[in-house]
Amino acid sequence: MMGLLKELEADYDLDIIEDYLTHFGVMNGLLDKLIVNLGRNDKFDASSYELNRIFHNIKTASQYLELTPVVKLTTLAEDITAKLKSKRGTGVTASNELIDWLLLVADQMQGYLDDIENDEIYLRILNPKIIAIPNEIFN
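What counts, and at which threshold
Residues numbered from 1 in each chain as written. Predicted model: local features only at pLDDT ≥ 70, side-chain atom pairs only at ≥ 80, totals over all residues. Heavy atoms only, no water. Helix = DSSP H or I, 4+ residues; strand = E, 2+ residues; numbered from the N terminus. Expected span 1.5 Å × (residues − 1). Bend = angle between axes of the 7 residues up to and from the residue. Buried < 20%, exposed > 50% of the residue type's maximum accessible area, 1.4 Å probe, protein only. Contact = heavy atoms within 4.5 Å. Axes fitted to C-alpha atoms, helices over the stretch in contact; angles between N-to-C directions. Parallel < 35°, antiparallel > 145°, perpendicular 65-115°, else oblique. Left-handed = near helix turned anticlockwise from the far one by under 90°. Phe/Tyr/Trp six-rings, centres within 6.5 Å; stacked < 30°, edge-to-face > 60°. Lys NZ or Arg CZ within 6 Å of the ring centre and 35° of its normal. Arc of directions from axis to C-beta.

**Student:** How do you make sense of helix 2 (residues 14-37) when you look at a structure like this?
**Tutor:** Because an α-helix completes one turn every 3.6 residues, residues spaced three or four positions apart along the sequence face the same direction. With 24 residues, helix 2 should reach 34 Å at 1.5 Å per residue; the first-to-last C-alpha distance of 35 Å fits that figure. Of all bends in helix 2, the biggest is about 35 degrees, found at Leu31. Looking only at helix 2, the buried set comprises Ile17, Tyr20, Leu21, Phe24, Met27, Asn28, Leu31, Leu34, Ile35 and Asn37. On its buried face, helix 2 sits against helix 1 (4-11), helix 3 (44-64), helix 4 (68-85) and helix 5 (96-117).

As structure tokens, this is what we get:
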């Protein structure tokens, strides 16, 4: 049985896979700081916009490669960050509960990236805490 990376390399151009992993890694590396900045008035607008863009970009690339668990998680995160983005300029910040939840999402995303890079057979199971989407997303 082939691992995830070998399967991708068999199905897609190697340059596409390398670009995907590079961009996924770079974007994922930005998540924690952007997420924490959602709690700051002076950083909320830029961070909510950038997070929404990152989740959208990872989702789109993952759809092309048919990485369904990544697509599902980034779709959910994109929907939540779109709600945040829609409140730019209003002076609100993200709730601590939402920040903690998004940090779990970022950890899960890093796990998915690790699974692909380590040529695991399957992507890891979703952290069950992610299923509990926060009710209160703003302060």
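From this point, the discussion proceeds with the structure in view.
**Student:** Would you mind going over the environment of Asp32 with me for this structure?
**Tutor:** Secondary-structure assignment places Asp32 in helix 2. Residue Asp32 is classed as partly exposed on the basis of its relative accessible area of 38%. Along the sequence, Asp32 and Glu117 sit 85 residues apart, while their C-alpha atoms lie 20 Å from each other. The residues contacting Asp32, other than those within four sequence positions of it, are Leu103 and Ala106.

**Student:** Even after reading the chapter, I still don't get the packing of helix 4 against helix 5, so can you show me in this structure?
**Tutor:** Working note: a packed helix pair is described by the angle between its axes plus the distance between those axes. Between helix 4 and helix 5, the shortest axis-to-axis distance is 11 Å and the interhelical angle comes to 150 degrees. The angle between helix 4 and helix 5 falls in the class roughly antiparallel. When you trace helix 4 past helix 5, the crossing you get is left-handed. Together, Pro69, Val70, Leu73, Thr74, Leu76, Ala77, Ile80, Thr81 and Leu84 of helix 4 and Leu98, Trp101, Leu102, Val105, Gln108, Met109 and Tyr112 of helix 5 make up the contact between the two elements.

**Student:** Can you help me understand the packing of aromatic side chains in this one?
**Tutor:** A full pass over the atoms with the stated rule returns two aromatic pairs. Residues Tyr12 and Tyr64 carry aromatic rings whose centres are separated by 5.6 Å and whose planes lie at 50 degrees to one another, so their mutual orientation is tilted. Of this pair, Tyr12 sits in the loop between helix 1 and helix 2 while Tyr64 is found in helix 3, placing the two residues 52 residues apart along the sequence. Both rings, one in Tyr20 and one in Phe24, keep their centres 5.5 Å apart while their planes meet at 75 degrees; by these two values the pair is edge-to-face. Taken together, the residues span about one helical turn, with Tyr20 and Phe24 both in helix 2 at a distance of four residues. The two residues Tyr20 and Phe24 agree in class, both being buried. Over the ring of Phe138 we find Lys87; its NZ or CZ atom is 5.7 Å from the centre of that ring.

**Student:** Looking at this model, I keep getting lost on helix 1. Mind explaining?
**Tutor:** Within helix 1 the residues assigned to the buried category are Leu4, Leu5 and Leu8. On an axial view of helix 1, the arc spanned by its buried residues comes to 95 degrees, and they lie on one face.

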